[in-house]
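Spelled out from the first residue to the last, the chains are:
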Amino acid sequence: MESKKDTFADKIERNFGVSLTDWIYLLMAIIVISGIVGFVYEELFYRIDLGHWVKRGIEYGPWIDIYAWGGLLLTFTVWWFRKHPLVVFLLSCGICGTLEYITGYLILTLTGQRRWDYNTEIWNWGNINGFICLRSILVFGIGGLALVYLIIPIVKRFYDKPNGTGWKNTMMILCILYFIDVVVSYILQAVGINPR
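Keep in mind it's a predicted model, so treat the numbers as computed, not measured. (Residues numbered from 1 in each chain as written. Predicted model: local features only at pLDDT ≥ 70, side-chain atom pairs only at ≥ 80, totals over all residues. Heavy atoms only, no water.)

**Focus: the overall build of the chain**
Filter applied, for reference: Counting from the N terminus, the helices are the DSSP runs of H or I reaching at least four residues and the strands are the DSSP runs of E reaching at least two. Atoms counted for the radius of gyration: C-alpha only. Globule rule: 2.2 Å times the number of residues to the power 0.38. Here, two residues are considered to be in contact whenever any of their heavy atoms come within 4.5 Å of each other. Only the protein chains shown count as covering a residue, and every accessible area follows the Shrake-Rupley method with a 1.4 Å probe. The positive count covers Lys and Arg only, the negative count covers Asp and Glu only, and His and the chain ends enter neither. All charge positions are set by atom: Lys at NZ, Arg at CZ, Asp at CG, Glu at CD.
Secondary structure assignment for the chain yields six helices and zero strands. In the chain, the order of α-helices and β-strands from amino to carboxyl end is α-α-α-α-α-α. Compactness check: the chain gives a C-alpha radius of gyration of 18 Å against a globular reference of 16 Å for 196 residues, within 12% of the reference. Across its three principal axes, the chain shows a C-alpha extent of roughly 65 × 35 × 30 Å. The contacts of the chain with a sequence gap of at least 6 include a subset with a gap of at least 24, amounting to 64%. Taken as a whole, the chain presents about 11,000 Å² of accessible surface, with 69% of it coming from carbon and sulfur. Treating the 17 positive side-chain charges of the chain as one cloud and the 15 negative ones as another, the clouds have centres 4 Å apart.

**Considering the packing of aromatic side chains**
Heads up, the condition is: Pairing of aromatic rings covers Phe, Tyr and Trp, the last counted by its six-membered ring, and requires centre-to-centre distances within 6.5 Å; plane angles under 30 degrees mean stacked, over 60 mean edge-to-face, and any other angle means tilted. Note on exposure labels: buried denotes an accessible area under 20% of the residue type's maximum, exposed denotes more than 50%, and partly exposed covers the range between, all computed with a 1.4 Å probe on protein chains only. Should the NZ of a Lys or the CZ of an Arg lie within 6 Å of a ring centre and within 35 degrees of the ring normal, that charge is described as sitting over the ring.
Overall, the coordinates contain 16 aromatic pairs when judged by the stated rule. Residues Phe16 and Trp23 carry aromatic rings whose centres are separated by 5.9 Å and whose planes lie at 55 degrees to one another, so their mutual orientation is tilted. For Trp23, a relative accessible area of 8% translates into the label buried. Against the face of Phe131 rests Arg114, its NZ or CZ located 4.4 Å from the ring centre. When the ring centre of Phe45 is taken as origin, the NZ or CZ atom of Arg135, which lies over that ring, is 3.8 Å away.

**Some thoughts on the packing of helix 1 (residues 8–16) against helix 2 (residues 20–50)**
Our working rule: Axes, fitted as lines to C-alpha atoms, cover a helix only where it is in contact. Angles between the N-to-C directions of the axes lie from 0 to 180 degrees. Crossing handedness: left-handed means the near helix sits turned counterclockwise from the far one by under a right angle, and right-handed means the same turn made clockwise. In this classification, Asp, Glu, Lys and Arg are treated as charged, Ala, Val, Leu, Ile, Met, Phe, Trp, Tyr, Cys and Pro as nonpolar, and every other residue, Gly included, as polar.
Where helix 1 contacts helix 2, the two axes come as close as 9 Å, and the packing angle between them is 65 degrees. The interaxial crossing formed by helix 1 with helix 2 has left-handed handedness. On the side of helix 1, the interface is formed by Phe8, Ala9, Ile12 and Phe16, while helix 2 contributes Leu20, Trp23 and Leu26. Here the residues of the contact of helix 1 with helix 2 sort into seven nonpolar, no polar and no charged.

Quick look at the structure:
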């Protein structure tokens, strides 16, 4: 007797505990929540560092795209190691640190702009070319733990409630607004208009 092969949907359901459709809604929530958490973190950090509020990110909305994409990347990579918190932490540090360094380097190389520079900030231990530092890497590790053990389980729980459809629709609308914001912000920046 021939055994049935797992479909992609079967693997998603087995590993994430949700249907393929709900997994897509989960990914939308991760993009939005990660982008907003990154924005809040940076607003608070730069308030401490500079002594005044400064709008971070190039988007109009309360999100920063590198955090949104970092959250999504971590979902695809570290979720599989969720039974090992230390591995989740270390992988999150390495993956996001690499993403931050490569992104910062490419933005500077391709556009001549530096979106962040740890050379000029407080708590910049282990600073490498101003693109990454130990503080940011440790924050990414903590963020990876929060994503795997807090954010994803909470989002799944909200989606399972009787009003779960409302939460899914809210995240879908916010995700669409996020993508529109990113596209408009990058277009405006490309033509020389600073979105901030």
